[in-house]
Amino acid sequence: MKKVLFSILIAICCALQAEGRVMHVGSAQAFKSVSAAVADALSGDTILVDYGVYHEGNLVIDKSVTLRGVGLPVIDGEHKFENVSIKADGVVLDGFKICNSGISGIIDFAGIKIYNRHYVSVKNNVIEDCFFGIYSQYCINCTIKNNRLAAHQQHEQQSGNGIHCWKSDSMQIIGNNISGHRDGIYFEFVTNSVIWRNVSEKNMRYGLHFMFSNSDTYASNVFENNGAGVAVMFSNHVKMFHNYFKENWGDGAYGILLKEISDSYIDGNVFERNTSGIFIEGASRIEMYRNSFKDNGWALKIQASCMDITLRDNNFCGNTFDVGTNGSLVLNNFDHNYWDKYEGYDLDRNRVGDIPYRPVSMYSKIVEKYPPAMILFRSLITSLMDKSEKVVPSLTPENLKDNHPLMFKVPL
(Lines give C-alpha, C1' and ligand atoms only; values in the text may rest on other atoms or scores of the structure.)
Protein backbone atom coordinates (compact mmCIF):
# COMPACT_ATOMS: atom_id res chain seq x y z
CA MET A 1 0.00 0.00 0.00
CA LYS A 2 2.85 2.36 0.86
CA LYS A 3 4.47 1.64 -2.51
CA VAL A 4 1.20 2.51 -4.30
CA LEU A 5 0.83 5.80 -2.36
CA PHE A 6 4.46 6.66 -3.05
CA SER A 7 3.97 6.05 -6.78
CA ILE A 8 0.85 8.23 -6.81
CA LEU A 9 2.75 11.02 -4.99
CA ILE A 10 5.60 10.85 -7.49
CA ALA A 11 3.13 11.00 -10.39
CA ILE A 12 1.41 14.07 -8.90
CA CYS A 13 4.75 15.81 -8.36
CA CYS A 14 5.79 15.07 -11.97
CA ALA A 15 2.47 16.38 -13.27
CA LEU A 16 2.83 19.61 -11.29
CA GLN A 17 6.39 20.00 -12.49
CA ALA A 18 5.31 19.40 -16.11
CA GLU A 19 2.83 22.28 -15.85
CA GLY A 20 5.74 24.59 -15.07
CA ARG A 21 6.00 27.84 -13.18
CA VAL A 22 4.43 31.18 -14.01
CA MET A 23 7.06 33.92 -14.08
CA HIS A 24 6.40 37.67 -14.26
CA VAL A 25 8.38 40.36 -16.07
CA GLY A 26 7.90 44.10 -15.58
CA SER A 27 9.10 47.19 -13.79
CA ALA A 28 7.33 46.08 -10.59
CA GLN A 29 8.08 42.36 -10.99
CA ALA A 30 10.91 40.06 -9.92
CA PHE A 31 12.33 40.01 -13.44
CA LYS A 32 12.98 43.36 -15.10
CA SER A 33 13.85 41.98 -18.56
CA VAL A 34 12.47 39.19 -20.71
CA SER A 35 15.94 37.77 -21.34
CA ALA A 36 16.55 37.42 -17.59
CA ALA A 37 13.30 35.47 -17.19
CA VAL A 38 14.16 33.21 -20.14
CA ALA A 39 17.60 32.53 -18.65
CA ASP A 40 16.02 31.46 -15.34
CA ALA A 41 13.13 29.50 -16.88
CA LEU A 42 12.82 25.78 -17.38
CA SER A 43 11.05 24.07 -20.26
CA GLY A 44 7.30 24.17 -19.65
CA ASP A 45 7.34 27.48 -17.78
CA THR A 46 5.11 30.44 -18.70
CA ILE A 47 6.51 33.98 -18.75
CA LEU A 48 3.99 36.81 -18.44
CA VAL A 49 5.37 40.16 -19.60
CA ASP A 50 3.72 43.39 -18.38
CA TYR A 51 3.19 46.34 -20.67
CA GLY A 52 6.31 48.40 -21.30
CA VAL A 53 9.10 48.93 -23.81
CA TYR A 54 11.85 46.31 -23.62
CA HIS A 55 15.24 46.87 -25.24
CA GLU A 56 16.46 43.28 -25.28
CA GLY A 57 18.96 43.42 -28.13
CA ASN A 58 18.59 39.99 -29.75
CA LEU A 59 16.23 38.00 -27.51
CA VAL A 60 17.03 34.29 -27.91
CA ILE A 61 14.40 31.79 -26.73
CA ASP A 62 16.20 28.46 -26.42
CA LYS A 63 13.78 26.69 -24.05
CA SER A 64 10.29 25.31 -24.61
CA VAL A 65 8.48 28.12 -22.80
CA THR A 66 5.35 30.21 -23.33
CA LEU A 67 5.84 33.98 -23.53
CA ARG A 68 2.60 35.90 -23.21
CA GLY A 69 2.31 39.66 -23.36
CA VAL A 70 -0.07 41.55 -21.06
CA GLY A 71 -1.32 44.74 -22.72
CA LEU A 72 0.88 44.36 -25.83
CA PRO A 73 4.39 45.00 -24.45
CA VAL A 74 6.95 46.27 -26.97
CA ILE A 75 10.19 44.49 -27.90
CA ASP A 76 12.24 47.15 -29.69
CA GLY A 77 15.09 46.12 -32.00
CA GLU A 78 16.38 49.72 -32.16
CA HIS A 79 17.02 49.26 -35.91
CA LYS A 80 20.09 47.17 -34.98
CA PHE A 81 19.06 43.64 -34.06
CA GLU A 82 16.90 40.66 -34.89
CA ASN A 83 14.24 41.10 -32.23
CA VAL A 84 13.31 37.52 -31.29
CA SER A 85 15.14 34.32 -32.26
CA ILE A 86 13.28 31.09 -31.46
CA LYS A 87 15.66 28.13 -31.09
CA ALA A 88 13.59 25.58 -29.15
CA ASP A 89 10.64 23.33 -30.00
CA GLY A 90 7.18 24.04 -28.65
CA VAL A 91 7.69 27.77 -27.97
CA VAL A 92 4.57 29.97 -27.81
CA LEU A 93 4.95 33.71 -28.46
CA ASP A 94 1.64 35.47 -27.88
CA GLY A 95 0.59 39.10 -27.59
CA PHE A 96 3.66 41.29 -28.22
CA LYS A 97 4.45 44.32 -30.33
CA ILE A 98 7.70 43.65 -32.20
CA CYS A 99 9.21 46.69 -33.91
CA ASN A 100 12.29 48.28 -35.45
CA SER A 101 14.45 45.32 -36.45
CA GLY A 102 17.81 45.82 -38.12
CA ILE A 103 18.07 46.13 -41.91
CA SER A 104 20.82 44.45 -43.88
CA GLY A 105 21.58 43.34 -47.42
CA ILE A 106 23.59 40.39 -46.04
CA ILE A 107 21.73 39.19 -42.92
CA ASP A 108 18.00 38.44 -43.01
CA PHE A 109 17.03 40.28 -39.85
CA ALA A 110 13.48 39.52 -38.74
CA GLY A 111 11.07 40.64 -36.08
CA ILE A 112 10.63 36.94 -35.21
CA LYS A 113 12.77 34.17 -36.69
CA ILE A 114 12.21 30.46 -36.07
CA TYR A 115 15.31 28.31 -36.54
CA ASN A 116 14.88 24.61 -37.44
CA ARG A 117 12.08 24.01 -34.94
CA HIS A 118 8.89 21.98 -34.47
CA TYR A 119 5.47 22.94 -33.02
CA VAL A 120 6.21 26.64 -32.50
CA SER A 121 3.19 28.98 -32.26
CA VAL A 122 3.45 32.70 -33.05
CA LYS A 123 0.07 34.38 -32.58
CA ASN A 124 -1.70 37.65 -31.76
CA ASN A 125 1.38 39.81 -32.27
CA VAL A 126 1.80 43.21 -33.93
CA ILE A 127 4.97 43.46 -36.03
CA GLU A 128 5.88 46.90 -37.34
CA ASP A 129 8.83 48.34 -39.22
CA CYS A 130 10.79 45.10 -39.34
CA PHE A 131 12.96 43.98 -42.28
CA PHE A 132 11.35 40.52 -42.42
CA GLY A 133 8.26 40.13 -40.26
CA ILE A 134 8.09 36.43 -39.30
CA TYR A 135 10.75 34.17 -40.81
CA SER A 136 10.82 30.38 -40.55
CA GLN A 137 13.51 28.05 -41.88
CA TYR A 138 13.57 24.24 -41.76
CA CYS A 139 10.45 24.27 -39.58
CA ILE A 140 7.78 21.59 -39.19
CA ASN A 141 4.22 21.86 -37.80
CA CYS A 142 4.49 25.51 -36.80
CA THR A 143 1.54 27.92 -36.56
CA ILE A 144 1.59 31.63 -37.47
CA LYS A 145 -1.83 32.97 -36.56
CA ASN A 146 -3.72 36.25 -36.09
CA ASN A 147 -0.70 38.52 -36.37
CA ARG A 148 -0.71 42.02 -37.87
CA LEU A 149 2.37 42.92 -39.88
CA ALA A 150 3.07 46.34 -41.39
CA ALA A 151 6.16 47.86 -43.00
CA HIS A 152 6.69 51.34 -44.37
CA GLN A 153 9.80 51.25 -46.57
CA GLN A 154 9.69 52.77 -50.06
CA HIS A 155 12.07 50.41 -51.87
CA GLU A 156 12.19 46.61 -52.18
CA GLN A 157 15.87 46.51 -51.13
CA GLN A 158 14.95 47.94 -47.73
CA SER A 159 12.10 45.56 -47.04
CA GLY A 160 11.91 41.79 -46.68
CA ASN A 161 8.78 39.64 -46.77
CA GLY A 162 5.98 39.76 -44.23
CA ILE A 163 5.74 36.02 -43.55
CA HIS A 164 8.68 34.13 -45.05
CA CYS A 165 8.82 30.32 -44.99
CA TRP A 166 11.80 28.43 -46.41
CA LYS A 167 12.30 24.66 -46.60
CA SER A 168 9.48 23.96 -44.16
CA ASP A 169 6.64 21.44 -43.91
CA SER A 170 3.11 21.35 -42.47
CA MET A 171 2.99 25.07 -41.72
CA GLN A 172 -0.29 26.82 -40.83
CA ILE A 173 -0.53 30.49 -41.83
CA ILE A 174 -3.93 31.62 -40.54
CA GLY A 175 -5.76 34.92 -40.08
CA ASN A 176 -2.83 37.32 -40.50
CA ASN A 177 -2.98 40.84 -41.92
CA ILE A 178 0.10 41.86 -43.91
CA SER A 179 0.86 45.15 -45.67
CA GLY A 180 3.75 47.25 -46.93
CA HIS A 181 6.33 44.46 -47.33
CA ARG A 182 8.18 43.26 -50.42
CA ASP A 183 6.03 40.09 -50.62
CA GLY A 184 3.18 39.64 -48.17
CA ILE A 185 3.65 35.85 -47.84
CA TYR A 186 6.58 33.97 -49.37
CA PHE A 187 6.89 30.18 -49.68
CA GLU A 188 9.99 28.47 -51.08
CA PHE A 189 10.40 24.69 -50.82
CA VAL A 190 7.42 24.49 -48.45
CA THR A 191 5.18 21.42 -48.55
CA ASN A 192 1.86 20.18 -47.09
CA SER A 193 0.99 23.60 -45.69
CA VAL A 194 -2.12 25.79 -45.41
CA ILE A 195 -2.57 29.53 -45.97
CA TRP A 196 -6.06 30.42 -44.73
CA ARG A 197 -8.07 33.61 -44.07
CA ASN A 198 -5.18 36.06 -44.45
CA VAL A 199 -5.39 39.60 -45.84
CA SER A 200 -2.33 40.61 -47.87
CA GLU A 201 -2.60 44.12 -49.31
CA LYS A 202 -0.50 47.06 -50.53
CA ASN A 203 2.72 45.06 -50.69
CA MET A 204 5.40 46.26 -53.09
CA ARG A 205 5.69 43.11 -55.17
CA TYR A 206 3.37 40.12 -54.53
CA GLY A 207 0.62 39.51 -52.04
CA LEU A 208 1.67 35.83 -52.11
CA HIS A 209 4.74 34.31 -53.77
CA PHE A 210 5.07 30.54 -54.22
CA MET A 211 8.32 28.96 -55.44
CA PHE A 212 9.03 25.21 -55.66
CA SER A 213 6.32 24.48 -53.07
CA ASN A 214 4.15 21.41 -53.60
CA SER A 215 0.96 19.99 -52.10
CA ASP A 216 -0.08 23.25 -50.43
CA THR A 217 -3.52 24.83 -50.04
CA TYR A 218 -4.50 28.46 -49.81
CA ALA A 219 -8.11 29.33 -49.15
CA SER A 220 -10.33 32.28 -48.22
CA ASN A 221 -7.56 34.88 -48.44
CA VAL A 222 -7.75 38.44 -49.76
CA PHE A 223 -4.98 39.73 -52.05
CA GLU A 224 -5.69 43.36 -52.84
CA ASN A 225 -3.82 46.30 -54.34
CA ASN A 226 -0.41 44.61 -54.45
CA GLY A 227 2.29 45.40 -56.99
CA ALA A 228 1.61 42.31 -59.10
CA GLY A 229 -0.93 40.25 -57.19
CA VAL A 230 0.04 36.62 -56.57
CA ALA A 231 2.67 34.41 -58.24
CA VAL A 232 2.62 30.61 -58.06
CA MET A 233 5.65 29.21 -59.86
CA PHE A 234 7.43 25.89 -60.39
CA SER A 235 5.03 24.00 -58.12
CA ASN A 236 2.52 21.16 -58.35
CA HIS A 237 -0.56 19.88 -56.54
CA VAL A 238 -1.54 23.33 -55.32
CA LYS A 239 -5.15 23.96 -54.28
CA MET A 240 -6.54 27.51 -54.49
CA PHE A 241 -10.05 27.88 -53.11
CA HIS A 242 -12.34 30.88 -52.41
CA ASN A 243 -9.72 33.63 -52.54
CA TYR A 244 -10.28 37.26 -53.58
CA PHE A 245 -7.87 38.92 -56.02
CA LYS A 246 -8.70 42.62 -56.29
CA GLU A 247 -7.31 45.91 -57.57
CA ASN A 248 -3.94 44.60 -58.73
CA TRP A 249 -3.30 47.18 -61.46
CA GLY A 250 -0.20 48.18 -63.38
CA ASP A 251 1.99 47.40 -66.35
CA GLY A 252 2.49 43.64 -66.29
CA ALA A 253 0.29 43.21 -63.19
CA TYR A 254 -2.28 40.45 -62.64
CA GLY A 255 -4.46 38.89 -60.00
CA ILE A 256 -2.46 35.66 -60.17
CA LEU A 257 0.47 34.42 -62.25
CA LEU A 258 0.67 30.67 -62.83
CA LYS A 259 4.05 29.74 -64.26
CA GLU A 260 5.30 26.19 -64.75
CA ILE A 261 2.78 24.62 -62.38
CA SER A 262 0.85 21.39 -62.84
CA ASP A 263 -1.88 19.16 -61.36
CA SER A 264 -3.57 21.98 -59.47
CA TYR A 265 -7.09 23.24 -58.71
CA ILE A 266 -8.51 26.78 -58.82
CA ASP A 267 -12.06 26.75 -57.49
CA GLY A 268 -14.49 29.41 -56.26
CA ASN A 269 -12.14 32.41 -56.49
CA VAL A 270 -13.05 36.00 -57.38
CA PHE A 271 -10.87 38.03 -59.76
CA GLU A 272 -12.07 41.62 -59.75
CA ARG A 273 -10.56 44.80 -61.23
CA ASN A 274 -7.10 43.46 -62.09
CA THR A 275 -5.05 44.26 -65.18
CA SER A 276 -5.20 40.50 -65.89
CA GLY A 277 -7.25 38.21 -63.70
CA ILE A 278 -5.04 35.17 -64.39
CA PHE A 279 -1.87 34.98 -66.48
CA ILE A 280 -0.86 31.38 -67.27
CA GLU A 281 2.42 30.29 -68.83
CA GLY A 282 3.91 26.83 -69.16
CA ALA A 283 1.19 25.23 -67.02
CA SER A 284 -0.46 21.85 -67.45
CA ARG A 285 -3.35 19.88 -65.97
CA ILE A 286 -5.02 22.79 -64.18
CA GLU A 287 -8.74 22.61 -63.38
CA MET A 288 -10.60 25.92 -62.97
CA TYR A 289 -14.17 25.65 -61.75
CA ARG A 290 -16.74 28.15 -60.46
CA ASN A 291 -14.51 31.23 -60.52
CA SER A 292 -15.75 34.78 -61.11
CA PHE A 293 -13.90 37.15 -63.47
CA LYS A 294 -15.33 40.65 -63.15
CA ASP A 295 -14.23 44.06 -64.48
CA ASN A 296 -10.67 43.04 -65.32
CA GLY A 297 -8.63 44.30 -68.25
CA TRP A 298 -8.05 40.73 -69.42
CA ALA A 299 -9.96 38.10 -67.48
CA LEU A 300 -7.55 35.38 -68.58
CA LYS A 301 -4.28 35.41 -70.50
CA ILE A 302 -3.32 31.89 -71.45
CA GLN A 303 -0.12 31.36 -73.40
CA ALA A 304 0.30 28.74 -76.12
CA SER A 305 2.78 26.90 -73.86
CA CYS A 306 -0.13 25.68 -71.68
CA MET A 307 -1.91 22.37 -72.11
CA ASP A 308 -4.73 20.40 -70.47
CA ILE A 309 -6.20 23.50 -68.79
CA THR A 310 -9.90 22.95 -68.10
CA LEU A 311 -12.27 25.90 -67.55
CA ARG A 312 -15.82 24.99 -66.63
CA ASP A 313 -18.71 26.76 -64.86
CA ASN A 314 -16.89 30.11 -64.58
CA ASN A 315 -18.49 33.57 -64.91
CA PHE A 316 -16.95 36.24 -67.17
CA CYS A 317 -18.60 39.63 -66.64
CA GLY A 318 -17.59 43.19 -67.49
CA ASN A 319 -14.05 42.39 -68.60
CA THR A 320 -12.46 44.49 -71.35
CA PHE A 321 -11.17 41.28 -72.94
CA ASP A 322 -12.28 37.84 -71.83
CA VAL A 323 -9.32 35.80 -73.06
CA GLY A 324 -5.96 36.66 -74.58
CA THR A 325 -3.35 34.33 -76.06
CA ASN A 326 -0.08 34.59 -77.99
CA GLY A 327 -0.49 31.69 -80.42
CA SER A 328 -2.86 29.65 -82.52
CA LEU A 329 -2.19 26.23 -80.94
CA VAL A 330 -4.90 25.38 -78.41
CA LEU A 331 -4.55 22.31 -76.17
CA ASN A 332 -7.05 23.40 -73.53
CA ASN A 333 -10.74 22.95 -72.90
CA PHE A 334 -13.32 25.73 -72.39
CA ASP A 335 -16.80 24.40 -71.70
CA HIS A 336 -20.05 25.45 -69.96
CA ASN A 337 -18.89 28.92 -68.91
CA TYR A 338 -21.01 32.08 -68.74
CA TRP A 339 -19.84 34.95 -70.98
CA ASP A 340 -21.66 38.27 -70.77
CA LYS A 341 -20.51 39.14 -74.31
CA TYR A 342 -22.13 36.05 -75.81
CA GLU A 343 -24.69 37.05 -78.47
CA GLY A 344 -25.97 33.59 -79.33
CA TYR A 345 -29.39 32.07 -78.76
CA ASP A 346 -31.01 29.13 -76.97
CA LEU A 347 -33.83 27.84 -79.12
CA ASP A 348 -34.31 24.59 -77.21
CA ARG A 349 -34.34 26.46 -73.87
CA ASN A 350 -31.90 24.15 -72.13
CA ARG A 351 -29.99 27.17 -70.72
CA VAL A 352 -27.01 26.40 -72.99
CA GLY A 353 -26.21 28.44 -76.11
CA ASP A 354 -26.83 26.74 -79.44
CA ILE A 355 -23.69 28.15 -81.13
CA PRO A 356 -20.14 28.26 -79.76
CA TYR A 357 -18.59 31.38 -78.21
CA ARG A 358 -15.11 32.54 -79.21
CA PRO A 359 -13.71 34.51 -76.25
CA VAL A 360 -10.60 35.81 -78.05
CA SER A 361 -11.44 39.00 -79.93
CA MET A 362 -9.52 40.12 -82.98
CA TYR A 363 -8.72 43.42 -81.33
CA SER A 364 -7.20 41.71 -78.29
CA LYS A 365 -4.81 39.90 -80.64
CA ILE A 366 -3.77 43.23 -82.15
CA VAL A 367 -3.27 44.82 -78.73
CA GLU A 368 -1.22 41.78 -77.67
CA LYS A 369 1.28 42.53 -80.44
CA TYR A 370 0.96 46.35 -80.54
CA PRO A 371 -0.03 47.72 -77.10
CA PRO A 372 -0.36 51.37 -78.32
CA ALA A 373 -3.34 50.21 -80.42
CA MET A 374 -5.34 50.27 -77.20
CA ILE A 375 -5.94 53.96 -77.87
CA LEU A 376 -8.50 52.95 -80.52
CA PHE A 377 -10.48 50.78 -78.11
CA ARG A 378 -14.26 51.20 -78.42
CA SER A 379 -13.93 52.95 -81.75
CA LEU A 380 -16.21 52.05 -84.67
CA ILE A 381 -13.44 50.35 -86.63
CA THR A 382 -12.54 47.99 -83.79
CA SER A 383 -16.18 46.98 -83.39
CA LEU A 384 -16.41 46.22 -87.11
CA MET A 385 -13.18 44.21 -86.97
CA ASP A 386 -14.48 42.08 -84.10
CA LYS A 387 -17.84 41.52 -85.80
CA SER A 388 -16.19 40.41 -89.04
CA GLU A 389 -13.80 38.12 -87.16
CA LYS A 390 -16.72 36.32 -85.53
CA VAL A 391 -18.22 35.62 -88.95
CA VAL A 392 -14.98 34.57 -90.68
CA PRO A 393 -12.20 33.83 -88.14
CA SER A 394 -8.75 34.66 -89.45
CA LEU A 395 -6.49 35.84 -86.61
CA THR A 396 -8.14 34.24 -83.59
CA PRO A 397 -7.42 30.58 -82.73
CA GLU A 398 -9.95 28.30 -84.40
CA ASN A 399 -10.10 25.80 -81.52
CA LEU A 400 -10.24 28.28 -78.67
CA LYS A 401 -13.95 28.34 -78.12
CA ASP A 402 -16.65 27.34 -75.68
CA ASN A 403 -18.92 24.90 -77.47
CA HIS A 404 -21.58 25.01 -74.75
CA PRO A 405 -21.72 28.58 -73.39
CA LEU A 406 -24.20 29.11 -70.59
CA MET A 407 -27.08 31.56 -70.95
CA PHE A 408 -27.18 32.39 -67.23
CA LYS A 409 -24.57 33.01 -64.55
CA VAL A 410 -23.29 30.11 -62.52
CA PRO A 411 -24.32 30.42 -58.84
CA LEU A 412 -21.07 30.65 -56.84
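In this report, the structure presented in the accompanying data block is examined. (Residues numbered from 1 in each chain as written. Predicted model: local features only at pLDDT ≥ 70, side-chain atom pairs only at ≥ 80, totals over all residues. Heavy atoms only, no water.)

Here we take up the overall build of the chain. Helix and strand counts for the chain stand at four helices and 39 strands. Each of the 412 residues in the chain was classed as buried or not, and the buried ones make up 52%. Residue pairs at least 24 apart in sequence account for 47% of intrachain contacts in the chain once pairs closer than 6 positions are excluded. (Helix = DSSP H or I, 4+ residues; strand = E, 2+ residues; numbered from the N terminus. Buried < 20%, exposed > 50% of the residue type's maximum accessible area, 1.4 Å probe, protein only. Contact = heavy atoms within 4.5 Å.)

Bringing the nonpolar core into the picture now. The biggest cluster of nonpolar side chains holds 77 residues, and the ones touching the most others in it are Ile-47, Tyr-218, Val-232, Ile-256 and Leu-258. Aside from chain neighbours lying at most four places away, what touches Ile-47 is Met-23, Val-25, Ala-37, Val-38, Ala-41, Val-65, Thr-66, Leu-67 and Arg-68. Residues Tyr-206, Ala-228, Ala-231 and Leu-257 belong to the second largest nonpolar core, which totals nine residues. (Core = buried A, V, L, I, M, F, W, Y, C linked by side-chain atoms within 4.5 Å.)

What follows covers the state of the cysteines. Tallied over the entire structure, the rule returns zero disulfides. As a non-bridged cysteine, Cys-142 has Cys-139 as the owner of its nearest cysteine sulfur, 4.4 Å distant. Judged by relative accessible area, which is 0%, Cys-142 ranks as buried. (Disulfide = S-S within 2.5 Å.)

With that settled, consider the pairing of strand β2 (residues 46-49). A regular strand places its side chains on the two faces of the sheet in alternate fashion. Direction of pairing for strand β1 (residues 22-25) relative to β2: parallel, over a ladder of four bridges. The partner of Val-22 across the bridge, within β2, is Thr-46. Once the chain exits β1 it traverses helix α2 (residues 34-40) before rejoining the sheet at β2, and the crossover so formed is right-handed. Relative to strand β5 (residues 66-69), β2 runs parallel, the two sharing four bridges. Looking at β5, one finds that Leu-48 is bridged to Arg-68. (Pairing = 2+ DSSP bridges. Right-handed = clockwise from strand over helix to strand, strands pointing away.)

Aromatic ring pairs are defined here through the distance separating the ring centres and the angle between the ring planes. Enumeration according to the criterion identifies 17 aromatic pairs in this entry. The interplanar angle of 5° and the centroid separation of 4.7 Å between the aromatic rings of Phe-245 and Phe-271 together place this pair among those described as stacked. Placement of the pair is Phe-245 in strand β27 (residues 244-246) and Phe-271 in strand β30 (residues 270-272), with a sequence separation of 26 residues. Neither residue differs from the other here; Phe-245 and Phe-271 are each classed as buried. An aromatic cluster of at least three residues, connected via ring pairs, comprises Phe-187, Phe-210, Tyr-218, Phe-223, Phe-245, Phe-271, Phe-293, Phe-316, Trp-339, Tyr-342 and Tyr-357. The residue whose ring lies beneath Lys-113 is Tyr-135, and the NZ or CZ to ring-centre distance is 4.5 Å. (Phe/Tyr/Trp six-rings, centres within 6.5 Å; stacked < 30°, edge-to-face > 60°. Lys NZ or Arg CZ within 6 Å of the ring centre and 35° of its normal.)

With respect to topology, twelve strands assemble into an open sheet ordered β4-β7-β10-β13-β16-β19-β22-β25-β28-β31-β34-β37, the strand pairing being parallel. Here the strands that pair on one side only, and so sit at the sheet edges, are β4 (59-61) and β37 (321-324). The average undirected angle you get between the axes of adjacent strands in this sheet is 10°. (Axes fitted to C-alpha atoms, helices over the stretch in contact; angles between N-to-C directions.)

Relative to the helices and strands, Asp-76 is located in strand β6 (residues 74-76). Buried within the structure, Asp-76 lacks any salt-bridge partner; Lys-97 is the closest side chain of opposite charge, at an N-O distance of 9.2 Å. Among the polar contacts made by the side chain of Asp-76, one reaches the side chain of Asn-100 at a distance of 3.2 Å. In contact with Asp-76, not counting residues within four places along its chain, are Val-53, Tyr-54, His-55, Glu-56, Asn-83, Cys-99 and Asn-100. (Lys, Arg positive; Asp, Glu negative; His and termini not counted. Salt bridge = Lys/Arg side-chain N within 4 Å of Asp/Glu carboxyl O. Polar contact = N/O pair within 3.5 Å; in protein donor to acceptor, adjacent residues only side chain to side chain.)

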